[in-house]
Amino acid sequence: MDADAIVVGAGLAGLVATAELARAGRRVLLLDQEPESNLGGQAFWSFGGLFLVDSPEQRRMGIKDSRELAWQDWTGSAYFDRGIDDPAAEDYWAYRWAQAYVEFAAGEKRSWLHALGVRWFPLVGWAERGGYLADGHGNSVPRFHVTWGTGPGLLAPFERRVRDAQASGLVGFRFRHRVDALTVTGGAVDGVRGAVFEPSRAARGTRSSRAVLGQFELHAPVVLVCSGGIGGNFDLVRENWPARLGRPPEQMISGVPEYVDGRMLAIAERAGGRLVNRDRMWHYTEGIQNWDPIWARHGIRILPGPSSLWFDARGRRFPAPNFPGFDTLGSLAAIAETGFDYSWFVLNQKIISKEFALSGSEQNPDLTGKDIWLTLGRVRPGAPAPVEAFKRHGADFVVARTLSELVAGMNKLTAEPLIDLADLQRQIVARDREIGNPFTKDLQVMAIRNARRFRGDRLARTAAPHQILDPRAGPLIAVRLSILTRKTLGGLQTDVSGRVISRVARPGNAAGTSPVPGLFAAGEVAGFGGGGMHGYRSLEGSFLGGCLFSGRQAGRAAAREMAS
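Computed from a predicted model, the values in this text were never measured in an experiment.

(A) Region of the structure containing the sheet that holds strand β7 (residues 188–197). Taken together, three strands build an open sheet; the order of strands is β6-β7-β8 and the sheet is antiparallel. Here the strands that pair on one side only, and so sit at the sheet edges, are β6 (177–185) and β8 (212–219). Each neighbouring strand pair of the sheet contributes to a mean axis angle of 20 degrees, computed without reference to strand direction. As paired elements, β7 and β8 share seven bridges and run antiparallel to each other. The residue bridging alanine 195 from the neighbouring strand is glutamine 215, located in β8.

Right, dumping it as structure tokens:
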């Protein structure tokens, strides 16, 4: 044996699992097909948002949260419907992972991270607001805690622990090692084999060479797969696209680097692992082309406040609750029903200054750099500099003094001029008439007023209600929005220890009811736990959290298994 454990994938889940294995005194080989510059994987590029329940940050903001309320929101969003009581069904372990994760988010998650040095921005965000009934989709209260330092800040303590273990001889890195197969002996996974790529100096996130120098084979009693999802592989995204979300988009942009290719899903399946919930996925509707791209088809997500008006490709306003930031997949289905792959935000300078943020560590230099003075700018007048840069340089932005000029600019960005000035003006004016009273029948205006009752939104995320066409709030702005690929919600089914469930019958056990000996999985490749702990929808802040929790669970369980 070359090690006690082999971890495939050096993203957040892989680092957490490796840190836990090394902490237990196990010798670990950590493999990744990319160069060392990509250590940390997708998490490095993230905004660093974490789903926490009844945190000190929430309580200081006057938010009353509880495990019971969070579980109500989780189940209302997940809508588990594939056999939560049947050990052979797809949602059996997903449901149990969800229970464990909500307990973790309401319990030791924050204290565990705090002890590692992680801190949070004091204003709690309100992602996925829902807009349905109390037991339906969405967060009833703000729970989105942005890490001080964003994604890199969350990665730092785990990278430090793994590098310390490397220095002590417990961890060995194997970058530029692509796994092409899992080796199986007597029904148990006992190693990996694949190709060694030539060294690469490619910058983080950029394309690296695939020139092969040779082959490798490594063996260990435990292999832990933490290789991520399929968001960078558009062919796999379209192949698994759910019918409930309409036809797969012909045009998409990518929220993840090209190396997020989903290869290990099929490789683990060939070794006996069970893939479940393949049609559950999470893609954003507020994607814009990056004017300064790092990877191919690089897109950025707008993190919108609730005030922009959302129109389809023909200029028809989406009905409730398809408002910005309310229901990501509901809005995705609504866009698909139009027959087009894009939609529009229409807003003004007052709204963009208060409400627009951009996802990604590189788009938030204040938070990422832990610059308190710059971060205070979020509560001062004016849009953040990265937002203004997109407004100036972004291919999807139209800025105009009048609505007629705005519509002309919108129609220039599309293959055919679909926006009718008179009809767009009619809808905006109708909405603007609803601003005259503190009460209204327009549900989006009602939602804006509701949001401003929360101190955090009033300070930094929601503009005061005003007329879109008020020249004092101008100029007018339109943003063409594309579908942005991001997360895989299904994947390798695992029990709550992270052991991959077998897709075939094993002695004494029916198919789908027992683990594959020696094979563990964590992170997005495992649907963030259980093959899909989110069910159909995410409450946000739970992707990084899912990597943390599943990596910890699998790492600790694998270490225990080797001790038994």
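(B) Structural context of the packing of aromatic side chains. Counting across every chain of the model gives 26 aromatic pairs. Between phenylalanine 104 and phenylalanine 549 the ring centres are 4.5 Å apart and the planes differ by 25 degrees, which places this aromatic pair in the stacked class. Of this pair, phenylalanine 104 sits in helix α4 (residues 92–106) while phenylalanine 549 sits in helix α18 (residues 543–563), and the two are 445 residues apart along the sequence. For the pair phenylalanine 104 and phenylalanine 549, a shared accessibility class is recorded, and that class is buried. For the pair phenylalanine 345 and phenylalanine 356, a centre-to-centre distance of 6.3 Å together with 55 degrees between the ring planes defines the contact as tilted. Of this pair, phenylalanine 345 sits in strand β15 (residues 342–348) while phenylalanine 356 sits in the loop between α10 (349–355) and β16 (357–358), and the two are eleven residues apart along the sequence. Among the residues examined, phenylalanine 345 registers a relative accessible area of 0% and is labelled buried. You can call phenylalanine 356 buried: its relative accessible area is 3%. Grouping aromatic residues by their ring pairs yields a cluster made of Phe51, Trp74, Trp97, Tyr101, Phe104, Trp112, Phe158 and Phe549. The ring of tyrosine 92 carries the charged tip of arginine 96 above its face, separated from the ring centre by 3.8 Å. Looking at arginine 280, its charged tip hangs above the ring of tyrosine 536, at a distance of 4.1 Å from the centre.

(C) Just the pattern of salt bridges, in detail. Counted by the stated rule, this structure contains 40 salt bridges. Across the salt bridge formed by arginine 263 and aspartate 180, the nearest N and O atoms sit 2.7 Å from each other. Of this pair, arginine 263 sits in helix α8 (residues 263–270) while aspartate 180 sits in strand β6, and the two are 83 residues apart along the sequence. Overlapping salt bridges bring together Asp81, Arg82, Asp91, Arg244, Asp279 and Arg280 as one network.

(D) Up close: the nonpolar core. Judged by nonpolar contacts, the single largest core of 145 residues is most densely connected at Leu12, Trp74, Leu182, Val192 and Val479. If you tally residues by element for this core, the top one is α18, at nine residues. Each residue touching tryptophan 74, except ones within four places of it in the same chain, is listed here: Phe51, Phe80, Ala98, Tyr101, Val102, Met533, His534, Leu539 and Ser542. Core analysis: the second largest hydrophobic core is formed by 17 residues, Phe47, Val124, Ala127 and Phe454 among them.

(E) The arrangement of the state of the cysteines in detail. Summed over all chains, the structure comprises zero disulfides. There is no disulfide at cysteine 226, and the cysteine sulfur nearest it, in cysteine 547, is 8.5 Å away. In this structure cysteine 547 comes out as buried when scored by relative accessible area, which is 13%.

(F) Inspection of the sheet that holds strand β1 (residues 5–8) at higher detail. The mixed open sheet is built from six strands, whose spatial order is β5-β2-β1-β9-β21-β20. Either end of the sheet is taken by a strand with one partner, and the two such strands are β5 (171–175) and β20 (499–501). The mean inter-strand angle of the sheet, taken between neighbouring strand axes irrespective of direction, is 30 degrees. For β1 and strand β9 (residues 222–225), the ladder comprises four bridges, and the chain directions are parallel. Bridge pairing in β9 links isoleucine 6 to valine 223. Taken strand by strand, helix α1 (residues 12–23) contacts β1, β2 (28–32), β5 and β9, and its axis lies near 170 degrees from that of β2.

(G) How the structure looks around the packing of α1 against helix α6 (residues 150–167). Where α1 contacts α6, the axes come no closer than 9 Å and their chain directions differ by 40 degrees. In terms of axis orientation, α1 runs oblique to α6. In terms of crossing hand, the pair formed by α1 and α6 is left-handed. Contact with α1, carried on its side by Leu12, Leu15, Val16, Thr18, Ala19, Glu20, Ala22 and Arg23, involves Leu154, Leu155, Phe158, Glu159, Arg161, Val162 and Ala165 of α6 and no other residues of that element.

(H) Representation of a nonpolar patch on the surface. A cluster of nonpolar residues, Ile372, Trp373, Leu376, Val379 and Leu459, forms a patch on the protein surface that exposes about 520 Å² of accessible area. It is helix α12 (residues 372–376) that provides the largest number of residues to the nonpolar patch, a total of three residues. Counting through the fold element by element, leucine 376 comes out in helix α12.

(I) Inspection of the pairing of β5 at higher detail. A large share of β5 lies buried, amounting to four of its five residues. In terms of strand pairing, β2 meets β5 through five bridges, oriented parallel. The partner of leucine 31 across the bridge, within β5, is arginine 174.

Thresholds applied
Residues numbered from 1 in each chain as written. Predicted model: local features only at pLDDT ≥ 70, side-chain atom pairs only at ≥ 80, totals over all residues. Heavy atoms only, no water. Pairing = 2+ DSSP bridges. Helix = DSSP H or I, 4+ residues; strand = E, 2+ residues; numbered from the N terminus. Axes fitted to C-alpha atoms, helices over the stretch in contact; angles between N-to-C directions. Phe/Tyr/Trp six-rings, centres within 6.5 Å; stacked < 30°, edge-to-face > 60°. Buried < 20%, exposed > 50% of the residue type's maximum accessible area, 1.4 Å probe, protein only. Lys NZ or Arg CZ within 6 Å of the ring centre and 35° of its normal. Salt bridge = Lys/Arg side-chain N within 4 Å of Asp/Glu carboxyl O. Core = buried A, V, L, I, M, F, W, Y, C linked by side-chain atoms within 4.5 Å. Contact = heavy atoms within 4.5 Å. Disulfide = S-S within 2.5 Å. Parallel < 35°, antiparallel > 145°, perpendicular 65-115°, else oblique. Left-handed = near helix turned anticlockwise from the far one by under 90°. Patch = residues over 30% accessible without salt bridge, like charges linked within 9 Å, V, L, I, M, F, W, Y side chains within 5 Å. Areas by Shrake-Rupley, 256 points an atom, 1.4 Å probe, with all protein chains shown as cover.

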